[in-house]
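Secondary and tertiary structure notes
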Amino acid sequence: MSTIFAVSSGRPPAAIAVLRVSGPDALSGVSRLAGRLPQPRLAGLRTLRAPDGGVLDQALVLVFPGPNSATGEDLVELHCHGGRAVVMAVEAALGEIAGFRPAEPGEFTRRALMNGRIDLAEAEGLADLLQAETETQRVVAMSAVEGRVSSAVRGWMQRISLLSARIEAMLDFADEDDVADDAELVRQIGREMAELGNEIAQALALPSVDRLRDGIRVVLAGPPNSGKSTLLNLMSQREAAIVSSIAGTTRDRIEAAVTRGGLPFVLTDTAGLTFETDDPIERIGVTRAEEAIANADVLVWLGDDQPPRVDALWVHARADMEDRHNTPTGRSLMIRSDRLKTIDTLWDFVTKLAEDLVPAVDRVAFNARQRECLELCRRSLSVEWTDPLIGGEQLRRAGGALASLLGLNATEAMLDAMFGAFCIGK
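Attention here is on the structure that accompanies the text. (Residues numbered from 1 in each chain as written. Predicted model: local features only at pLDDT ≥ 70, side-chain atom pairs only at ≥ 80, totals over all residues. Heavy atoms only, no water.)

**Examining the overall build of the chain**
When you go through the chain residue by residue, the secondary structure sums to 14 helices and 12 strands. Sorting the 426 residues of the chain into buried and exposed places 45% on the buried side. Here the analysis covers contacts within the chain between residues at least 6 apart in sequence; of these, 61% occur between residues at least 24 apart. Accessible area of the chain: about 21,400 Å², with a carbon and sulfur share of 52%. (Helix = DSSP H or I, 4+ residues; strand = E, 2+ residues; numbered from the N terminus. Buried < 20%, exposed > 50% of the residue type's maximum accessible area, 1.4 Å probe, protein only. Contact = heavy atoms within 4.5 Å. Areas by Shrake-Rupley, 256 points an atom, 1.4 Å probe, with all protein chains shown as cover.)

**Brief notes about the sheet that holds strand β9 (residues 263-269)**
Overall, mixed pairing links the 6 strands, which are arranged β8-β9-β7-β10-β11-β12 in an open sheet. The strands lining the two open edges of the sheet, one partner per strand, are β8 (254-260) and β12 (333-334). In this sheet, strand β10 (residues 298-301) lies alongside strand β7 (residues 216-221) in parallel orientation, the contact comprising 4 bridges. Along β10, the bridge assignment pairs Leu220 with Val300. Sheet contacts for helix α9 (residues 228-236): β7, β8, β9 and β10; angle to β9, the most-contacted strand, approximately 160°. (Pairing = 2+ DSSP bridges. Axes fitted to C-alpha atoms, helices over the stretch in contact; angles between N-to-C directions.)

**Observations concerning the sheet that holds strand β6 (residues 100-102)**
Strands in a sheet are paired, the pairing made by backbone hydrogen bonds, and the direction either parallel or antiparallel. The 6 strands lie next to each other as β3-β4-β5-β2-β1-β6, forming an open sheet whose pairing is mixed. Of all the strands in the sheet, just β3 (44-49) and β6 have a single pairing partner and so form its edges. Ignoring which end each strand starts from, the neighbouring axes of this sheet average 30° apart. On top of the sheet, helix α1 (residues 26-34) reaches β1 (3-7), β2 (14-22), β3, β4 (55-64), β5 (75-82) and β6; it is set at about 75° to β3, its chief contact. Those strands touched by helix α2 (residues 84-95) are β1, β2, β3, β4, β5 and β6, and its axis lies near 150° from that of β5.

**Details of the pattern of salt bridges**
What the rule picks out here adds up to 21 salt bridges. Put simply, Arg369 and Glu124 hold a salt bridge, and the shortest N to O gap is 2.7 Å. Of this pair, Arg369 sits in helix α12 (residues 368-382) while Glu124 sits in helix α4 (residues 120-131); the two residues are 245 residues apart in sequence, bridging distant segments of the chain. Overall, the relative accessible area of 11% leaves Glu124 in the buried class. Residue Asp297 pairs with Arg217 through a salt bridge whose shortest N-O separation is 3.1 Å. Within this pair, whereas Asp297 is found in the loop between α10 (280-295) and β10, its partner Arg217 is found in strand β7, the two being separated by 80 residues in sequence. Taking relative accessible area as the criterion, Arg217 reaches 36% and is therefore assigned partly exposed. Residues joined by salt bridges that share partners form a network here, namely Glu73, Arg101, Glu107 and Arg111. (Salt bridge = Lys/Arg side-chain N within 4 Å of Asp/Glu carboxyl O.)

**Examining unusual backbone geometry**
At the junction of Pro12 and Pro13, the peptide bond is cis and its omega measures out at 5° in the coordinates. For Arg41, which is not glycine, the phi dihedral falls at a positive 65°. Note that Arg41 resides in the loop between α1 and β3. Classification of Arg41 by relative accessible area gives partly exposed; the value is 43%.

**Description of the packing of aromatic side chains**
Going through the model one piece at a time under the given rule, you end up with 2 aromatic pairs. Ring geometry for Phe265 against Trp347: centres 5.1 Å apart, planes inclined by 65°, an arrangement best described as edge-to-face. With a gap of 82 residues between them, Phe265 in strand β9 and Trp347 in helix α11 (residues 340-355) connect regions that are remote in the sequence. On the basis of relative accessibility, which here comes to 1%, the residue Trp347 falls in the buried class. Of note, Arg20 hangs over the ring of Phe108, and the distance from its end group to the ring centre comes to 4.8 Å. (Phe/Tyr/Trp six-rings, centres within 6.5 Å; stacked < 30°, edge-to-face > 60°. Lys NZ or Arg CZ within 6 Å of the ring centre and 35° of its normal.)

Structural data, given as structure tokens:
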């Protein structure tokens, strides 16, 4: 296996650049640049020298012998000055060492997974942590990194293993057991499998962690010239959409990403809904608006007629205009472009609705891939059976689904797809 190296502290220039070296030859290779290495986990100041003896930099060197390292193998960190020339020179010197090569995206984390330092759920949490832009995203991702997801799944796996062991014992001693006792044991194991399946179903009923990454979809919809684009600009606090008194100005969906109350939102301005048009472009815009309405997490309806969805937030828009000062019956609230407090009130309504769509920070949350594994496990546990051979097979499938969630039987293709999205140096 090659020894890999990469900058893990971000792109230079910076005050400090941390280069990580991991692999079977990490200690011997780095010693060629730094001389005698410091004691494990004790920082030592060393002069780094190129193969020709020229001074590259003075750096702090930290040694982490495997398997008790981040990657599970020998790992060295070089804390250098963060100028581009310094980093390039040190990387060039490392590249000249036999068996050394630059790391691929996510390769350090991938080696940690392969060496049992973390599981796939923890690696996915790390990926979410690296991309976190809000406090809620950070807290939920840290929960996965610290193993809360893995702990819950391993608990379910242990219960499945115990049930499997009881079925195996039943099969091994089938000739010695009383038939009535076997029947009662089958019913008992079946009940426990159903209870575990229901517990997993409750976990699946909770919001997915993907909503935090993708953002809550807030769609502004209504008839032409109902104030949707103005409202988008007010809610996003920037000129994201063209505003005009001419009906039909917005022909396609316009999106704006906003963070509010620690939650990520994607605001979508849509074409005005009209059902009498000969303009093919306008017709396409209306179709896309209808699709956005159907897929909205929160629908903000600006029309004077009834909203197309019963769960819509029905607002009375353009209330600053003449003859629209009073909020009609049935509307949730009134919006005025000259009173920004009404926009804050609208955001309060939207945020309250969104809180039920994202995972609570004190609960275990699963992403889409993990939820597929859990659903397969739940279905396997829900199959009714009387033959212990069938029960044992269903438990094997349920345990295999949970093993897939943790990456215990992950394929190379799946790992390539996941770690390819990581940055180099992680």
